[in-house]
Amino acid sequence: MYKTIVAVLLIAAVANAQLVGWRNCGSSLATVHRVRISGCSSTPCTFEVGTRILIEVDATALANSVNLPFAMTASVLGLPITLLEGNACNHFSLGSCPALAGNNFTFRLEYDVNDRIPRGVNTVVNTVLFNDFGDIGVCVSVDVMIR
């Protein structure tokens, strides 16, 4: 019984592990508290093509916004590549839209690693949430290597 309890606590601790080495690249309309990426506890994160990763960002809104368009991009050899884009309101596991100042939210996104980023190339992946006026609300940068 004690082995089961220890195993459950260990799994919960790993699932809630915070990523070390992410950078705030201009989150002017929210306070980012935590970033979690499955399979990565410190940068650079290394991912295999064909795997699915879970990205979670915990933050507190500092301003109101009805819509929150987002884009996840990579820079490869100086060229931007859009990996995903959409409405962040559809990817909240905590909170909802409209986002209201003072409210906490968790942006949760699953990404299927593909070959859009060349294997073996170090790159920076930015995940940006915009407000209704196109201003950057949240910006998180992570160093990544694809294998």
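What follows concerns the side chain of Ser-27. The topology assignment puts Ser-27 in the loop between strand E1 (23-24) and strand E2 (30-37). By relative accessible area, which is 13% here, Ser-27 ends up buried. At a separation of 2.8 Å, a polar atom in the side chain of Ser-27 contacts the main-chain amide nitrogen of Cys-139. Residue contacts for Ser-27: discarding those within four places in its chain leaves Val-32, Gly-137, Val-138 and Cys-139.

To continue, consider the pattern of salt bridges. Scanning the model with the defined rule gives nine salt bridges in all. With a closest N to O distance of 3.2 Å, Arg-34 and Asp-58 form a salt bridge. With Arg-34 in strand E2 and Asp-58 in strand E4 (residues 52-61), this pair connects stretches of sequence that are 24 residues apart. We classify Arg-34 as partly exposed; its relative accessible area is 35%. A relative accessible area of 11% means that Asp-58 is categorised as buried. With a shortest N-O distance of 2.5 Å, Asp-58 and Arg-36 are connected by a salt bridge. Taken as a pair, Asp-58 in strand E4 and Arg-36 in strand E2 lie far apart in primary sequence, 22 residues in all. For the pair Asp-58 and Arg-36, one class covers both residues: buried.

The rules behind the values
Residues numbered from 1 in each chain as written. Predicted model: local features only at pLDDT ≥ 70, side-chain atom pairs only at ≥ 80, totals over all residues. Heavy atoms only, no water. Helix = DSSP H or I, 4+ residues; strand = E, 2+ residues; numbered from the N terminus. Buried < 20%, exposed > 50% of the residue type's maximum accessible area, 1.4 Å probe, protein only. Polar contact = N/O pair within 3.5 Å; in protein donor to acceptor, adjacent residues only side chain to side chain. Contact = heavy atoms within 4.5 Å. Salt bridge = Lys/Arg side-chain N within 4 Å of Asp/Glu carboxyl O.

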